[in-house]
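# Structural description and commentary
Each chain, letter by letter, is given below.
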Amino acid sequence: MSESETLKELPLKALHERAGAKFSPFAGWSMPVSYPPGVLKEHLHTREHAGLFDISHMQLIDLNGADAARLIARLCPLEAESQAAGASKYTFLLNENAGIIDDLIVTRLADERFMIVANAARASVDVAWIRERAKGMDVSIEPLQRVFLALQGPEAVSVMADAGIDAGHLSFMSGFEPRSGWFLTRSGYTGEDGFEIALPIEDAEEIAEKLAGDARVEWIGLAARDSLRLEAGLCLYGNDLDEETDPVSAGLIWAIPKGLRQGGPFTGAKRLAEIIAAGPDEKRVGLQAEGRQPVRAGATLTDPAGNAVGRVTSGGFGPSAGHPVAMGYVRADLARPDTQLFADVRGKQVAMRVAKLPFIVKRSQKG
Amino acid sequence: MRPLSKTYYTEDHEWIRVDGGVATVGITNYAQEQLGDLVFVDLPAPGTSASKGDTLVVVESVKAASDVFSPVDGEIKSINEALSSEPGLVNSAAESDGWLWSMSIADESQLDGLMDAEAYQKTLG
């Protein structure tokens, strides 16, 4: 984005400043990128105890009306009509070419209500796309203004209980509205057990202070959020997913119900079925460098003969893995674990091998 | 005549300690704070010739890679081998044990445009 554009500020900005956050622009927002412990400690703390993230840049979109389920079924490869109330699903908005417009979590709240969690950078594109497809349908589409927090890590469940927020009964990938204007799911973006909680701005500061005040909890910035999700093998839209990438190449076919893989009412269904039938040209894989040199997004991947066969889309250091971690896309015949590849880093050839994702043992029960 | 040992600073947040015609180079404490925890330091081979402005070292944090430039023309004499197993030394001791490399100085007049500690501190505001 251009520097003249004004960055959006988090409603709890002052609280993050008091916590010593360093801010950096991300997807049009001024976001805490790290706190005084630093990214390594923040990352490890989340995996050992509990980390608190302000993810208010993410966009909640409330769909309400008799046609809400029919609209979701038109937008996403989901069996929305039969989705249970309280169930959260990882899914996508697809274009006609089955390219991913955005990846989403869609939770059914009631017969006629769904809540979408969309990526910050895609929020305006998503809302316009959804409204276009909802024309003539009986459904309201309301982007919500909320403070949105994530509490992640093995101690998240007990921290929530001690904060008086009743959430322990939720199974992973489910959610509900504990109070009017609140939205709470057991889910996350770290590979750990945890929760995401959206709440009205007027309720947020007290809850954030209460959670952050727990001795088991540290504030965690975007830098550690990125290394946590990368170790967990989770995609970052804009890096690992874009409108040119389909869910089959991205290795996300698990998110598409079997009954929708040969066709369905959603945009992109026909092209998706063709890609499934023919097999993708390239596949998303985990990549592990053989040395200590991190290989980052944008690096070209070659085979041992020097032919370009793919690219790194996310890469860095995995503090829990203890070594550099990366993901990228490679020609489909080279996607098998342990395949030897090379990445070009500033003109040096760094040996890498295809690695199984995730790089850590996930402790989230599902998803 | 120059004093025996003097430390210079660049606007790229490097420090250069000059002693007996040899420059020892590192990044400032301010720079390491901005970068965050380092996980890898890509060092040049001793004997490498460099021109002022060449990228000699890349310091890699969890999140990003940043270039460190040669402040003068010269030749690499030694590198800080300890950083290969302990890149975090740059965070804990940026302006001492976390030095990056030392080099000969082909032309001492290239030091003239650099800042002293006081002038550098002023740029940090």
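Residues numbered from 1 in each chain as written. Chains lettered and ligands numbered in written order. Predicted model: local features only at pLDDT ≥ 70, side-chain atom pairs only at ≥ 80, totals over all residues. Heavy atoms only, no water.

## Points about the interface of chain B and chain A
Where interface size is quoted, it is often the accessible area lost as the parts come together. The following threshold applies: The contact criterion used throughout is that any non-hydrogen atoms of two residues lie within 4.5 Å. Summed over both partners, the accessible area lost on bringing two parts together, with a 1.4 Å probe, is the buried area. Counted as salt bridges are all cases of a side-chain nitrogen of Lys or Arg within 4 Å of a carboxyl oxygen of Asp or Glu. Each polar contact in these results corresponds to two N or O atoms within 3.5 Å; when the atoms are within protein, one needs to be able to donate a hydrogen and the other to accept it, and residues that are neighboring in sequence are counted only if both atoms are side-chain atoms. Starting at the N terminus, helices and strands are each numbered in turn, a helix being any DSSP run of H or I of at least four residues and a strand any DSSP run of E of at least two. Residues were grouped as follows: Ala, Val, Leu, Ile, Met, Phe, Trp, Tyr, Cys and Pro as nonpolar; Asp, Glu, Lys and Arg as charged; and all remaining residues, including Gly, as polar.
Counting residues at the interface gives 13 residues for chain B and 16 residues for chain A. Surface buried jointly by chain B and chain A totals about 1,300 Å² across both partners, of which 51% is contributed by carbon and sulfur atoms. A per-residue breakdown of the area chain B buries against chain A is headed by Asp-37, Val-62 and Lys-63 of chain B, which together make up 43% of the total. Across the chain B-chain A interface, the total number found is 5 salt bridges. On inspection of chain B and its partner chain A, the count reaches 13 residue pairs in polar contact (both at pLDDT 80 or more). For the side of chain B that touches chain A, the secondary structure elements donating two or more residues are helix 1 (29–35), strand 4 (38–42) and strand 6 (55–61) of chain B. Taken together, the residues of the side of chain B that touches chain A sort by class into 6 nonpolar, 2 polar and 5 charged.

## Some points on the side chain of Asp-303 of chain A
Residue and element names in this part refer to chain A. We count it as follows: Working definition: with a 1.4 Å probe on protein chains only, accessible area under 20% of the residue-type maximum means buried, over 50% means exposed, and in between means partly exposed. Under this rule, positive means Lys or Arg and negative means Asp or Glu; His and the chain ends count for nothing.
With respect to the helices, strands and loops of the structure, Asp-303 is situated in the loop between strand 16 (300–302) and strand 17 (308–318). The side chain of Asp-303 sits in the buried core without any salt bridge; Arg-331 is the nearest counter-charge, 4.9 Å away. Beyond its immediate chain neighbours, meaning those up to four positions away, Asp-303 contacts Val-309, Leu-341 and Phe-342.

## With respect to the side chain of Gln-32 of chain B
Residue and element names in this part refer to chain B. Topologically, Gln-32 is positioned in helix 1. Side chain to side chain, Gln-32 and Asn-29 meet in a polar contact 3.0 Å long. Within polar-contact distance, the side chain of Gln-32 engages the side chain of Asn-91 at 2.9 Å. Beyond its immediate chain neighbours, meaning those up to four positions away, Gln-32 contacts Ile-27, Val-90, Asn-91 and Ala-94.

## Observations concerning the domain arrangement of chain A
All names here are of chain A. The line we're drawing: The domain boundaries here were taken from an automatic or database domain assignment.
Looking at chain A, the domain boundaries give domain 1 (8–56 + 146–231) and domain 2 (281–367). One C-alpha centre belongs to domain 1, the other to domain 2; they are set 29 Å apart. Contacts between domain 1 and domain 2 engage 16 residues on the former and 19 residues on the latter. Across the interface of domain 1 and domain 2, roughly 1,500 Å² is buried in total on both sides, 58% from carbon and sulfur atoms. When the area that domain 1 buries against domain 2 is broken down by residue, the three leading residues are Phe-172, Leu-230 and Glu-231, summing to 46%. Counting the contacts that link domain 1 with domain 2 gives 1 salt bridge. Among the secondary structure elements, those contributing two or more residues to the side of domain 1 that touches domain 2 are helix 2 (39–48) and helix 7 (222–231). Of the residues contributing to the side of domain 1 that touches domain 2, the split by class is 6 nonpolar, 4 polar and 6 charged.

## Considering the pairing of strand 12 (residues 183–186) of chain A
Along a regular strand, successive side chains alternate from one face of the sheet to the other. Residue and element names in this part refer to chain A. Inclusion rule: Strands pair, by our definition, only if DSSP identifies at least two bridges between them.
Because side chains alternate across strand 12, one face comprises the buried residues Phe-183 and Thr-185, and the other comprises Leu-184 and Arg-186, equally buried. When strand 11 (residues 174–176) meets strand 12, the two strands line up antiparallel, connected through 3 bridges. Counted as the bridge partner of Ser-174 is Arg-186 from strand 12. Hairpin connection, strand 11 to strand 12: the antiparallel pair is bridged by 6 residues, and Gly-181 has positive phi, about 85°. Summarising the sheet, strand 12 and strand 13 (residues 194–199) pair through 4 bridges and their orientation is antiparallel.

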